[in-house]
Structure formats: C-alpha cells, structure tokens
Amino acid sequence: MPRLLCFGYGYSARALAQLLEPQGWTVIGTSREPNEPGLLRFDRDLRLLSEDLDGVTHILSSVPPDDRSDPVLDQMWPRFVTLKPSLKWIGYLSSTGVYGDHNGAWVDEGTRPAPTSDRARRRSTAEASWLVLGQEQKLPVHVFRLSGIYGPGRSAIDDVHAGTARRIVKPGHLFGRVHVDDIATTLMASIDKPNPGAIYNVTDDEPAAPADVVKYACDLLRVKVPPEIPFEQAEMSEMSASFWTDRRRVSNARIKRELGVKLAYPTYREGLQAILESQLVKREA
C-alpha cells in the first residue's frame, strides 16, 4: 500500500492526509517537537532512522530552508537515493515569493525567479537543490509554489472573529492566495499524474487586495468594516512588511492544463463563504 512521509506535518500536509487516508494510504509526519502520537522527531541535527523509511513510496517536504540550506536535503539526500526503487513521487512546497517583483505583471512557471528578500532567495536555492536531486538521481521531484495559504482557522473570517482584522491599503498591491483544500487537491492530482522535474504554481484565479478580503469577510459576518489604514501608517513586523515589497500576479494555468485541477475555491469569496458555513454548522451541532 502507498505510504507518504511528510517532512513537516503542518497545515497543508494534514489537508493532503485527509484526502489520502480514506483511500487506504498510510501517512506519517515529522516535527521538530512532536506533540502528538505517531509523529517522528526530525530536525537539522536529528535524522530519521532507517526503519522510519521502510515502505515509503511518496515524500512531501514543507520544511523551509534555514540560513544554512535545506535541512531535509542535508540530512536525507543519501537516504532518498537508497529509496529510489520504491519512490513514486516527491513534492517540495515552496513559495511564489521566489518570483520577486514584476510591477504587478503576470508571471508563470516559465518566469525566471528573481527573489528580492533573503527568505525568498533561500527558497529559490532550496528549489534548485531539490530539482538537482531529481535530475542527478533520477528521482520524481516536483516543486509547488504556493501563494498565501488560508482555510479553516486561518482566514479573514477568523481574524474578524478575533478582532485582529485590519484593512491595510497600498494602491495597486494585490496578493495571491489559495485555500488549503485546493493545495491538497493539486498535490493529489500530481501524485496521480507524476511529471518529474515539473514546477507548479498553486494559487487561485483572482489576486486581490487584502483590504477587499477583510471587507468581504465583514460583510459575510454582518459586522462593521474596520477603517482603512494606509500602508505607510501601518504598524507591522519587518517580516510582515516584506510581503508588501513585491508586486506580481501569479498564473495557475498549468495546474489546470496539465493536472486537470478544478479549484473548489477559485476566489477568496467562495473560500470565505465555505469557512463561514462550516463554522455555522459546527455551532448548530
């Protein structure tokens, strides 16, 4: 039976597991500090044991590179090579941040990465390393460049409920985003149709201003919309501010054309509506 090993058992990996486990898959995950049964401990200084890899047929890594390099590749490259006869698919979750600034123009997988931040440069370097692993060792490596991830528990609906939603405005600045369930659907489609060496943008159809998303969430909840805050006056961390540096719109045409993906949430509107409906159902239950 297929067995998926997830390096970094986080939000996206769990969404994929929810699709695979009902089909008979075994899914195991790692964490730097395992806090639930079944998780394996893994970090830069602690590699997995050989028996942890027994029967693994698929690998997903969502572990970000640190200031040195990619810890998964540093620890596991030779082990992955020994798994070559049984490995059918490897997925690496990256970020659309590797594209850098394109002054609001559309980019696709053929656009050369031009990262502008140290974090994005590390991502781009990690991507290249994963692809080199695939090319040199003939392993089925795939790279997925994700836009801003949202979903249940991590959305503008939740921010409004928590009283933390802000409508920061920077004219002409649009963000791509993608619902976590659509990430899982895309990964599943790639697993079903491997194309070693492929890079896929995973994002919805409509880049949008964050202030518009917050307003729509408030309208759904029928609460007062918070005032606009000019970007220059907004207090935020250095990391948060860095996300506002680049302007680009990311095309998702390839996942539709090659993988046949049909997004359940093509814009933030459908995604936020579904999140709210799910919350209402839980309250009634």
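By convention here, each chain's residues receive numbers from 1 onward along its written sequence. Per-residue local features are limited, in this predicted model, to residues with pLDDT of at least 70; the limit for side-chain atom pairs, both in listing and counting, is 80 or more; totals at the level of whole chains, interfaces and linings are taken over all residues. Side-chain figures throughout are based on the complete set of non-hydrogen atoms in the structure, without hydrogens or water.

A. Looking closely at the overall build of the chain. Looking only at helices and strands, the chain has 9 helices and 13 strands in total. Expected size for 285 residues packed as a compact globule is a radius of gyration near 19 Å; at 19 Å, the chain falls within 12% of this value. For the chain, the C-alpha atoms occupy an extent of roughly 55 × 50 × 40 Å along the three principal directions. Remark: exposure states derive from per-residue accessible area (1.4 Å probe, protein chains only) relative to the maximum for the residue type, with buried under 20%, exposed over 50%, and partly exposed in between. A buried classification covers 50% of the 285 residues belonging to the chain. Contacts spanning at least 24 positions in sequence make up 80% of the contacts within the chain whose residues lie at least 6 apart. For the area figures, the Shrake-Rupley method with a 1.4 Å probe applies, and any residue is considered shielded solely by the protein chains shown. When the accessible surface of the chain is totalled, it reaches about 14,100 Å², and 50% of it is carbon and sulfur. Only four residue types enter the charge count: Lys and Arg as positive, Asp and Glu as negative, with His and the chain ends excluded. All charge positions are set by atom: Lys at NZ, Arg at CZ, Asp at CG, Glu at CD. Of the charged side chains in the chain, 36 are positive and 37 negative, and the gap between their average positions amounts to 2 Å. A helix here means a DSSP run of H or I that spans at least four residues, while a strand means a run of E at least two residues long, and both kinds are numbered starting from the N terminus. C-alpha atoms define the radius of gyration, and 2.2 Å times the number of residues to the power 0.38 defines the globule rule. Whether two residues touch is decided by their heavy atoms; if any such pair falls within 4.5 Å, the residues are in contact.

B. Region of interest: the sheet that holds strand 4 (residues 58-61). Spatially, 3-2-1-4-5-7-11 is the arrangement adopted by the 7 strands of the open sheet, whose pairing is parallel. On the outer flanks of this sheet lie strand 3 (40-41) and strand 11 (199-202), each paired with one strand and no other. Judged from the 4 bridges that link them, strand 4 and strand 5 (residues 89-95) form a sheet pairing that is parallel. Considered in strand 5, the bridge of histidine 58 is made with tryptophan 89. Working convention: axes come from line fits to C-alpha atoms, limited for helices to the stretch in contact. Angles between N-to-C directions cover 0 to 180 degrees. Docked against the sheet, helix 5 (residues 180-192) engages strand 4, strand 5, strand 7 (141-146) and strand 11, running at close to 160° with respect to strand 7. Whether two strands pair depends on DSSP finding at least two bridges between them.

C. Structural view of the packing of helix 6 (residues 210-221) against helix 9 (residues 268-284). Orientation of helix 6 relative to helix 9, taken along the N-to-C sense of each, is 35°, at an axis distance of 10 Å. By crossing handedness, the relation of helix 6 to helix 9 is classed as right-handed. Between helix 6, through Asp212, Val213, Tyr216, Ala217, Leu220 and Leu221, and helix 9, the contact on the second element is made entirely by Tyr268, Arg269, Leu272, Gln273 and Leu276. Lys, Arg, Asp and Glu make up the charged group, whereas Ala, Val, Leu, Ile, Met, Phe, Trp, Tyr, Cys and Pro make up the nonpolar group; the residues left over, Gly among them, are polar. Within the contact of helix 6 with helix 9, the residues separate by chemical class into 8 nonpolar, 1 polar and 2 charged. Crossing handedness: left-handed means the near helix sits turned counterclockwise from the far one by under a right angle, and right-handed means the same turn made clockwise.

D. The packing of helix 2 (residues 71-82) against helix 3 (residues 118-137), seen in detail. With their axes 12 Å apart at the nearest point, helix 2 and helix 3 run at an angle of 15° to one another. One element, helix 2, and the other, helix 3, form an angle in the roughly parallel class. For the pair helix 2 and helix 3, the sense of crossing is right-handed. Seen from helix 2, the contacting residues are Val72, Leu73, Trp77, Phe80 and Val81; seen from helix 3, they are Ala126, Ser129, Trp130, Val132, Leu133, Glu136 and Gln137. A per-class count over the contact of helix 2 with helix 3 returns 9 nonpolar, 2 polar and 1 charged. An angle below 35 degrees is read as roughly parallel, one above 145 as roughly antiparallel, one from 65 to 115 as roughly perpendicular, and any other as oblique.

E. Looking closely at the pattern of salt bridges. What counts as a salt bridge is simple: a side-chain nitrogen of Lys or Arg found within 4 Å of a carboxyl oxygen of Asp or Glu. Applying the stated criterion across every chain, the model contains 12 salt bridges. Aspartate 66 is paired through a salt bridge with arginine 44; the nearest N and O atoms lie 2.7 Å apart. Placement of the pair is aspartate 66 in the loop between strand 4 and helix 2 and arginine 44 in the loop between strand 3 and strand 4, with a sequence separation of 22 residues. Look at aspartate 66 and you get partly exposed, because its relative accessible area is 25%.

F. Here's a closer look at the side chain of glutamate 109. With respect to the element layout, glutamate 109 can be found in the loop between strand 6 (106-107) and helix 3. It turns out glutamate 109 is buried and unbridged, and the closest side chain with the opposite charge, arginine 254, is 5.4 Å from it. A distance of 2.7 Å separates a polar side-chain atom of glutamate 109 from the backbone nitrogen of asparagine 201. In contact with glutamate 109, not counting residues within four places along its chain, are Tyr99, Arg145, Ile199, Tyr200, Asn201, Ser251 and Arg254. Definition of a polar contact: a pair of N or O atoms within 3.5 Å, with one able to donate and the other able to accept a hydrogen when the atoms are protein atoms, and with sequence-neighbouring residues admitted only if both atoms are side-chain atoms.

G. Quick look at unusual backbone geometry. Of note in the backbone geometry, asparagine 103 takes a positive phi value of approximately 55° without being a glycine. Look at asparagine 103 and you get exposed, because its relative accessible area is 57%. In the Ramachandran plot, arginine 222 falls in the positive-phi region, its phi being about 60° despite a non-glycine side chain. Summarising the element assignment, arginine 222 is placed in the loop between helix 6 and strand 12 (228-230).

H. Just the packing of aromatic side chains, in detail. Here a Phe, Tyr or Trp ring, Trp counted by its six-membered ring, pairs with any other such ring whose centre lies within 6.5 Å, and the pair is stacked when the planes are under 30 degrees apart, edge-to-face when over 60, and tilted otherwise. Considering all chains together, one arrives at 9 aromatic pairs under this definition. Aromatic side chains tryptophan 89 and phenylalanine 144 sit 6.0 Å apart centroid to centroid with 45° between the ring planes, which places their arrangement in the tilted category. Separated by 55 residues along the polypeptide, tryptophan 89 in strand 5 and phenylalanine 144 in strand 7 bring together distant segments of the chain. Each member of the pair tryptophan 89 and phenylalanine 144 is classed as buried.

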